[in-house]
Structures are given as C-alpha cells and as structure tokens.
Amino acid sequence: MEPTRTRIKPVYGAQHPPRIERPISNPGTPKKDDKLKNKTKDSFRDFENETSDAWDDGDDDLILMATVQMSLKDVQSTARAVLDNHSKQFQALNGTSQGSPVKSPSGCHMTAIPSAISLGAGPGVGVRLNSHWQPPRITPLRFGQPSVPDRESAKLEKFHTLLTSLTSSNAGLEKLRKLSWSGIPKSVRPTAWKILSGYLPVDCDRRQPTLERKRKEYFSFVEQYYGTRHQVEHQDTFRQILKDIPRMTSVAHLFQQNAVQEIFERILYIWAIRHPASGYVQGINDLVTPFFVVYLSEYISNDIEVENCDLSKLSIDTLNIIEADSFWCTTRLLDGIQDNYTFAQPGIQMKVNALKELVKRIDVPLYKHLEKHNVEFLQFAFRWMNNLLMREIPLRCTIRLWDTYQAEINGFANFHLYLCAAFLTRFSIDIQREKDFQGILMFLQNLPTHHWQNEEIGELLAEAFKLKYMFADAPNHLVQKS
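Cut-offs used in this document
Residues numbered from 1 in each chain as written. Predicted model: local features only at pLDDT ≥ 70, side-chain atom pairs only at ≥ 80, totals over all residues. Heavy atoms only, no water. UniProt positions renumbered as here; feature names shortened; annotations may be inferred. Helix = DSSP H or I, 4+ residues; strand = E, 2+ residues; numbered from the N terminus. Buried < 20%, exposed > 50% of the residue type's maximum accessible area, 1.4 Å probe, protein only. Contact = heavy atoms within 4.5 Å. Areas by Shrake-Rupley, 256 points an atom, 1.4 Å probe, with all protein chains shown as cover. Expected span 1.5 Å × (residues − 1). Axes fitted to C-alpha atoms, helices over the stretch in contact; angles between N-to-C directions. Parallel < 35°, antiparallel > 145°, perpendicular 65-115°, else oblique. Nonpolar A, V, L, I, M, F, W, Y, C, P; charged D, E, K, R; others polar. Phe/Tyr/Trp six-rings, centres within 6.5 Å; stacked < 30°, edge-to-face > 60°. Lys NZ or Arg CZ within 6 Å of the ring centre and 35° of its normal.

As recorded by an unreviewed UniProt entry, the chain carries the name Rab-GAP TBC domain-containing protein and is attributed to Octopus vulgaris. Turning to the chain, the UniProt annotation filed under Function (unreviewed entry) states: "May act as a GTPase-activating protein for Rab family protein(s)."

In structure tokens, the structure reads:
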C-alpha cells in the first residue's frame, strides 16, 4: 500500500531528539524444521510454508513483494529494455565529461558536504569507458607474499596524494574512480566514499560552511518530523522500522546498543517521511549499515573492532556527525535506485528479469536446470536486488564491494546487475548438484559465503566487469538466434 500523503506540521522542541528508552530486543533467530516433508509436487508456496528460515526470519514485505505481478505488457522485453538503456547510457558517456567542477588546494583537511555529483542524478547514469581503459588488475593475495605491506603502503600514499590534490578538473575525479575500483584503504575510505557518492565536493573553500549547513539541515528535519512518528498516519511506518532494526545481525553486538538503534530509527523515519512515493520498505534499513560502519570507523582507534565499539564512549557531537553523514549518503544511494522501492517495486522486477536473460545467455546448463525444477529467478534474486546482496555476503565484503560500486558511474543500479550474474554463475556447479526444487532454494538461501574475504570479491568483480563490457554495449547478445 502506498504511504499516506499528508502535510506534516512542524514539531519544535529540543535541539536533539529524545532518547527512546525501551527494552533491547535481540536479533531474531531463524527457525528450521528438523527435516522437510516429502511432497509429490514441488512449489515455492509449499516450500515457503515448510521452512521459516528461507526469507531470513520474518521478511514479510519481501515475501509479499516477490509475489506481486507487474502491470507491464511484456516482462521479457522490459528486461531487455533495461540492458538496452544501459547501452545507451554507456554510449552517451563516451567522450563526455562527468561531475560538477570541484576544487581543492593541496593539503586541505577534508570534511563532508553535499555536491551535485549524485548517484542517479542527471543524464550520466551508466558506465564510462574509453576504448583503452580496463579495470585495475586484481591480484589475489597469497600466503607468503612479503611485498603485500609495501603494496598497501604505496596504494595508501597514492590515495593521500590524490585526495589532497584534486582540482576542478574532471580528470581528478576520474583518477579517484580508477584508483578506488580495486579497493580503498580503510583509513581513507570515509573521505573517498563521501567524494564518490557526491556528498563531499573537493573545493576546500566550500567544505566547512556547506558541511555545517547540511548537518544542521538534517537535524532540523529530525526536529520537525520525528515527533510525528506516533501519529496515526505514520505509526505503521515507524512500527515496521522498530521491527526491522533488531534483525540487522551483520554486526549484532553493535546493533544491540540503544544509541545505535535510535540513530537508525531517526535516519530511516526521516528518509521515509521525505520520500512519500516509496516510504519505508523492508530492506532499506540494511543499506544504511555500510555507511554507518565506515563513518564510525573514522572515530575509533584501529585496535578496536567496529562490532565491539561502545558508542557510550563517543561524544554526542561525534554521533551526530556520523548520523547526519550516514543519512545524506544513504539518501544519495537511494536516489539512484528509488524505483526499487515504489509500489510493486518495478525496478527490482525488471532487474530480476534482466538477470534471467543474462544467465540464459552465459550459462545455459544452469538456466535449464532452474527451469526444469520450476525455480523462478524472482524467488531468490528479489532479495539480491532489494538488499544489494547484503544478506548474502559478510559485511566486510559488502564494504569492499561498495568501493567499486561507488567508483562505477551509477554502480548500485547498473553494475549490480552484472555482479549478481557473476555471483549466481559462480555457484553453477553446486546448484546443478541439487536435484529438486527444495534443495535448490535451500542452497540459494544459505550460500557458503560466510568465510569470504577481499579475494573472493575481487574475483567476482573482475567477472562482473567482463559481463558488463560484453553486454551493456551489446544488448542484442541477449536475443536468441532463430
């Protein structure tokens, strides 16, 4: 149901929103049947009824939206249209400049402010490639490589040099994208993410005043809107947010802290109120997590793991900075994929069908195996698009993946499609070993990725880049020859 559109009266009160004192609920634990009952007929509905863990412990909205049929005349043609659109964007970007003018004298301190370089903003949404450019070569790390520290130090030095010498030339931003594609060192990741997302421009003279204005603007939204969360027209939205936040188990200990839950409640509620076309949709809560964790890491010592960080030791001003920066960067991400969260989530459904078309062309045995056992792509890939694979891979891998997504032009919308294709085909042999519907779905909902590190993500990104290079510029490859 579409969120109710209503005029919200300003609520004036304390400068900072009140703390919410309520019991901390532990993240839900999925329940599993001891064994699946034998069925003469395999179906998604039977499978769903018999296993309570297939959708991650109560992802009610995901189950509902995965069964909603789009009111589009031809699903297959829309899938091809997505790829055709990618091709047009790719062609339009060749030979054109990207981003808004930026300027920064060398050695200036970098702080976060917004800019016009937004994911999904303007006509330049696609992947910019010149005829000679290739992604940085990804060399898997092996045991016994003594040069690894030197290589990491050299890369870090390159980032420091570049981040403190970017000018108004678009070439500087392009250099940052290329350097970031193969991963960003932890110590400079907060600054690099803010620049790549479009939240932080490079002009030194504009940084601090704009930063103060944007953070003040966010907390003015909190003061104006947060007091309406218990009103009849908004209480369902806020209740769903309260229900979803404890499920965020990627860094469970961190999210058991009251201060963290309150920050996420405010971020998600303010975003939902300011985006009535979609409102809050289950899954958006996950997308705040990488920004929050990366920006939190900027204020804790290197010997403290983020999941063990005690936020009570941080000042209120520091928490406010992390909260506001996370809100604005999440907003910029969602601006580029908002059709994923409007009614019936057409953006997701088109991307799922585009994924189906891709797999049909690049892995015929896998495609036929899924088809033979009546496994629909929507039944497993819906969540991949809705949560950007955050439920499928560890948080450390998501953060590394987002280095590249933000280095790509509109990577969260376009490049993610090819990453999902590479992700699925990586498990092609394992999937084909499963000989029934239930076995396939159980495997796809519990993929063996908990041990993954940067090496696996690097291999996946290289394969995704190859697919994008092959198909984004030639969507006719998806057309079956008669």
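After presenting the structure, the write-up continues.
A. Seen up close, the overall build of the chain. When helices and strands are counted, the chain shows 20 helices and zero strands. Taken over 482 residues, the chain has a buried fraction of 55%. Considering only contacts within the chain whose residues lie at least 6 apart along the sequence, 81% involve residues at least 24 apart. When the accessible surface of the chain is split by element, carbon and sulfur atoms take 51% of a total near 22300 Å².

B. Structural detail: helix H10 (residues 258–274). Here H10 is 17 residues long and its end C-alpha atoms lie 24 Å apart, about the 24 Å a rise of 1.5 Å per residue gives. Among the 17 residues that make up H10, 16 are buried, leaving the element largely enclosed by the rest of the structure.

C. Layout of the packing of helix H11 (residues 284–297) against helix H16 (residues 395–407). One way to put it is that H11 packs onto H16 with a least axis distance of 10 Å and a crossing angle of 90°. Between H11 and H16, the angle is such that the two are roughly perpendicular. Listed contacts from H16 to Leu287, Thr289, Pro290, Phe291, Val293 and Val294 of H11 are Leu395, Thr398, Ile399, Trp402 and Gln406. Considered class by class, the residues forming the contact of H11 with H16 number eight nonpolar, three polar and no charged.

D. Highlighting the packing of aromatic side chains. Evaluation of the coordinates by the stated rule reveals 29 aromatic pairs. A centroid spacing of 6.1 Å and a plane angle of 10° characterise the contact between Phe427 and Trp452, whose relative ring orientation is stacked. Remark: Trp452 occurs in the loop between helix H19 (437–445) and helix H20 (454–471) and Phe427 occurs in the loop between helix H17 (415–426) and helix H18 (428–433); sequence separation between them is 25 residues. On the basis of relative accessibility, which here comes to 6%, the residue Phe427 falls in the buried class. We classify Trp452 as buried; its relative accessible area is 3%. Stacked on the ring of Tyr295, the Lys or Arg Lys194 has its end atom at 4.7 Å from the ring centre.

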